[in-house]
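Here's the letter readout for the chains.
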Amino acid sequence: MNSFSNDYDSYHSLWNFIETYLPNYSSRDDVLWDDILTRFLEDDEVCESDMRIIEEVFNGDKKQIKEELALLETKFAQEALMEYYQNISTK
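Residues numbered from 1 in each chain as written. Predicted model: local features only at pLDDT ≥ 70, side-chain atom pairs only at ≥ 80, totals over all residues. Heavy atoms only, no water.

Enquirer: Can you walk me through the layout of surface pockets in this structure?
Expert: With a probe scaled to a water molecule rolled over the atoms, the places where space remains empty come into view. Size it by volume and the largest pocket reaches roughly 410 Å³. Tyr11, Trp15, Thr38, Glu42 and Glu73 are, among the 16 residues lining the largest pocket, the residues nearest its centre. When contributions to the lining of the largest pocket are tallied by element, the ones reaching two or more residues are helix H1 (3–21), helix H2 (29–41) and helix H4 (62–89). (1 Å grid on protein atoms, 1.4 Å probe; cavity = no way out; pocket = protein on both sides within 12 Å on 5 of 7 lines; lining within 4 Å. Points joined across faces, edges and corners; volume = space filled by probe spheres on them. Helix = DSSP H or I, 4+ residues; strand = E, 2+ residues; numbered from the N terminus.)

Below, the structure is given as structure tokens:
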């Protein structure tokens, strides 16, 4: 297995953790925004209105978008960890 595969697996393991423990994961606008930005970076389909917002906010600059994703996902991981530890401390 190459390094990219390990990184990919680790990243998806992190997201599995976030999905499990991040409060209100499925209804959060910031999670949706993260998904939209990720799809943009991966050249996946992004609706026209979201593309306009990306152009307005980031001028399509992928470096800025990666920095935004790092901030968002760090926040998600931190919140998920706090929720995880709260759950295990009450058991």
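Enquirer: When you look at the packing of aromatic side chains in this model, what are you seeing that I'm missing?
Expert: Centre distance and the angle of the planes are the two values used to describe a pair of aromatic rings. All told, the structure shown has 7 aromatic pairs when counted by the stated rule. Centre to centre, the rings of Phe17 and Tyr21 are 4.9 Å apart; their planes meet at 40 degrees, and the pair counts as tilted. With a gap of 4 residues between them, Phe17 and Tyr21 both fall in helix H1, about one helical turn apart. When its relative accessible area of 23% is taken as the criterion, Phe17 is described as partly exposed. (Phe/Tyr/Trp six-rings, centres within 6.5 Å; stacked < 30°, edge-to-face > 60°. Buried < 20%, exposed > 50% of the residue type's maximum accessible area, 1.4 Å probe, protein only.)

Enquirer: Sorry, what's going on with the packing of helix H3 (residues 48–58) against H4 here?
Expert: In contact at an axis separation of 10 Å, H3 and H4 are set at 95 degrees when each is read in the N-to-C sense. Of the possible angle classes, the one that applies to H3 and H4 is roughly perpendicular. On the side of H3, the interface is formed by Ile54, Val57 and Phe58, while H4 contributes Gln64, Ile65 and Glu68. (Axes fitted to C-alpha atoms, helices over the stretch in contact; angles between N-to-C directions. Parallel < 35°, antiparallel > 145°, perpendicular 65-115°, else oblique. Contact = heavy atoms within 4.5 Å.)

Enquirer: Help me out: how do you make sense of H4 in this one?
Expert: Residues that lie three or four places apart on an α-helix share one face, since the helix turns once every 3.6 residues. Under the 1.5 Å per step criterion, the end-to-end length of H4 is 40 Å for 28 residues, consistent within 8% with the ideal 40 Å. Between the side-chain oxygen at the start of H4 and the backbone nitrogen of Lys63 there is a gap of 2.9 Å, and the oxygen is on Asp61. (Expected span 1.5 Å × (residues − 1). Polar contact = N/O pair within 3.5 Å; in protein donor to acceptor, adjacent residues only side chain to side chain.)

Enquirer: Can you help me understand the side chain of Asp34 in this one?
Expert: Structurally, Asp34 is set in helix H2. Ignoring sequence-local partners within four residues, the contact set of Asp34 consists of Trp15, Leu69, Leu72, Glu73 and Phe76.

Enquirer: What exactly am I supposed to notice about the nonpolar core here?
Expert: Soluble globular proteins tend to bury their nonpolar side chains together. Membership of the largest hydrophobic core comes to 17 residues, with the highest contact counts inside it found for Ile18, Trp33, Leu37, Ile54, Ile65 and Phe76. When contributions to this core are tallied by element, the ones reaching two or more residues are H1, H2, H3 and H4. Of the residues forming this core, the biggest block, 6 residues, is contributed by H4. The residues touching Trp33, leaving out its near neighbours within four places in the chain, are Ile53, Ile54, Phe58, Glu68 and Leu72. (Core = buried A, V, L, I, M, F, W, Y, C linked by side-chain atoms within 4.5 Å.)

Enquirer: I tried to follow H2 on my own but got confused; where do I start?
Expert: Between its first and last C-alpha atoms H2 spans 18 Å; for 13 residues at 1.5 Å apiece the expected length is 18 Å, and the two agree. Among the residues making up H2, those that are buried are Asp30, Val31, Trp33, Asp34, Ile36, Leu37, Thr38 and Phe40. Phi for Asp43, located one or two positions after H2, is positive at around 55 degrees.

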